[in-house]
Amino acid sequence: MAGRIINLIKRHPRHNGTSDPEVDDIGVPIWDGCSKGGVTSKNDKKPGKKASEDYLKSLPSREQCARWQTSLENVLDDPKGAAHFMQFLASEYCSENYEFWKEIKQLKEDNPSGDKLKKKVKNIYDKYIGESASKQINVNGRLKVAIRDAVDEPYLEMFDEAQKFVIQLMRDGPYRRFIDEDNLQKLQRGQG
């Protein structure tokens, strides 16, 4: 199975062909959540709440589900996959990790500077990192302190380690359950 997945990745247009991608213990390629691999351009349509609802109404194909099983990146790069994954995370009461990852991705795509960057960073900090955050993510104290210390003089990469951490949390837990054959079959039947 892992060999088949590696071959699929090597044939993918974004694979640079220089080496085999790193894989986990079940053969799923490891993606750090920060690398450019599947980042969309500013011109790509960004699905809002209405668009996400539309993606949830249409059932995923067998091919889409197979692609989702090859990597978390494939789920997050596919608007339908992202919508179904978000719904799955909400059902497991852990959607804050995905929402944080998505906001950081959007922050980097928007590439704000000056006061706009400061305001966006402060909002993200208050929402996901701070002591009274409404959607607090589970990152270690060292990361929290480093981010808190950078809020007054922010830079785009200040959330990278936290972003990598939440990607790993999603990969190790909810993603594995999401790509479970039984769950994907339910999605294909419209029961997910």
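All figures in this text were calculated on a predicted structure; none of them were measured in a lab.

1. Section: the pattern of salt bridges
Scanning the entire structure with this criterion turns up nine salt bridges. Between Asp110 and Lys120 there is a salt bridge; the shortest N-O distance is 3.0 Å. Taken as a pair, Asp110 in helix H6 (residues 95–110) and Lys120 in helix H7 (residues 114–129) lie far apart in primary sequence, ten residues in all. Residue Asp110 is classed as partly exposed on the basis of its relative accessible area, which comes to 31%. The class for Lys120 is partly exposed, based on a relative accessible area of 31%. Between Glu161 and Lys164 there is a salt bridge, and its shortest N-O distance comes to 3.8 Å. In this pair, Glu161 and Lys164 both sit in helix H9 (residues 160–178), three residues apart, roughly one turn of the helix. Judged by its relative accessible area of 44%, Glu161 falls in the partly exposed class. According to the relative accessible area criterion, Lys164 is partly exposed, its value standing at 32%.

The rules we used
- Residues numbered from 1 in each chain as written.
- Predicted model: local features only at pLDDT ≥ 70, side-chain atom pairs only at ≥ 80, totals over all residues.
- Heavy atoms only, no water.
- Salt bridge = Lys/Arg side-chain N within 4 Å of Asp/Glu carboxyl O.
- Helix = DSSP H or I, 4+ residues; strand = E, 2+ residues; numbered from the N terminus.
- Buried < 20%, exposed > 50% of the residue type's maximum accessible area, 1.4 Å probe, protein only.

Don't take any of this as a statement about function, it's just geometry.
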